[in-house]
Amino acid sequence: MTPLERFTEHLAACPLVAIVRGIRPDEAEAVGDALFDAGIRIIEVPLNSPDPLDSIARLAARFGDRATIGAGTVLDPSEIARIADAGGRIIVSPNSDTAVIAATVAAGLVAAPGYFTPSEAFAALKAGAHALKLFPAEGATPAVLKAHRAVLPRNVPVLIVGGITPDTMRDYIDAGADGFGLGSGLYSPGRPAADVAQRARAYVAALSNA
C-alpha cells in the first residue's frame, strides 16, 4: 500500500491530524500511544520541534503501517529526503510552496500544503498536492470554506487547522470540511500523555456527534 493509500485509509478511519509541535523524542512514544488509543491515526511532528526527525523515527517504528507519521512546517525541499529516511510519509506545510509540493510528490509521499485563498489552493493542486490544509482557520469562517468548496475538486480532502476545539468542528463539517488538524488544543510542550489522551478522546467524541 502506498503512503497516499495508507493516508486515505487513516483519514477515513479518523479525520483528525494530531500536530505535536514542540514534542521531545523522549516523550513521543507515550504521547503517540495516547493519541492512537483514542483513535487518531495521523500524527504530524513539526520541524520546529526539538530533534523532530528522532521523534518521527520513533513514532514510525512504533506504529508502522498502523498510523501515518509525518512532518509539519516543512519549508524547504531539501528536508524531504531526511524526513522520508526517518519514516515520515506525509509532508505538511503552512504555505503553498510548489517546490516543496513537487519534491514531496517525486519522493512518493503525501503532500498536504497550507492554503488560504482559492488561488493558492489551485496552485498547490497543479503542483500535485494530495490534500489541502486551510490555515489559519481563525481567519477563515465556515462560510469561507463553503465558498471554497464550491470550486475545489470534491475528491481533494480539505483539512481545517488553527484554533479548532471540539465545539467548533460541526459548523466546518457542515460547510464541507473533510478533517481537522489539532494543535495546542490537543498537545502543547510538556503536557502529560494522560492529559493528551483525555483531550484526544474529547475531540474524537465530538467528531462522532457531529
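Anyway, here's the lowdown on the structure attached to this text. (Residues numbered from 1 in each chain as written. Predicted model: local features only at pLDDT ≥ 70, side-chain atom pairs only at ≥ 80, totals over all residues. Heavy atoms only, no water.)

### Some details on the pairing of strand S9 (residues 179–182)
The alternating pattern of S9 places Gly179 and Gly181 and Phe180 and Leu182 on opposite faces, both of which are buried. Assessed by its sense of winding, the connection that carries the chain from strand S8 (residues 158–161) through helix H8 (residues 169–175) to S9 is right-handed. (Buried < 20%, exposed > 50% of the residue type's maximum accessible area, 1.4 Å probe, protein only. Helix = DSSP H or I, 4+ residues; strand = E, 2+ residues; numbered from the N terminus. Right-handed = clockwise from strand over helix to strand, strands pointing away.)

### Comments concerning the sheet that holds strand S7 (residues 132–134)
Within a sheet, neighbouring strands are paired by backbone hydrogen bonds and run either parallel or antiparallel to one another. Spatial ordering of the open sheet is given by S5-S4-S3-S2-S1-S9-S8-S7-S6, a layout of nine strands whose pairing is parallel. The open sheet is flanked by strand S5 (110–112) and strand S6 (114–115), the only strands paired with a single partner. Examined bridge by bridge, strand S4 (residues 90–92) and S5 share three bridges and lie parallel to one another. Within S5, the position partnered with isoleucine 91 by the bridge is alanine 111. Sitting on the sheet, helix H7 (residues 142–149) is in contact with S6, S7 and S8, with an inclination near 160 degrees to S8. (Pairing = 2+ DSSP bridges. Contact = heavy atoms within 4.5 Å. Axes fitted to C-alpha atoms, helices over the stretch in contact; angles between N-to-C directions.)

### As for helix H6 (residues 118–127)
An α-helical turn contains 3.6 residues, so a residue and the one three or four places further along point in the same direction. Taken together, the buried positions of H6 are occupied by Ala121, Ala124 and Leu125. Projected down its long axis, H6 shows its buried positions confined to an angular sector of 100 degrees, all on one face. With respect to the buried face of H6, the exposed residues turned more than 90 degrees away are Ser119 and Lys126. Considering only its buried residues, H6 is in contact with helix H5 (98–106), S6 and S7. Within two residues after H6, glycine 128 carries a phi angle of roughly 115 degrees, on the positive side. (Arc of directions from axis to C-beta.)

By themselves, these are just geometric observations and shouldn't be taken as functional.
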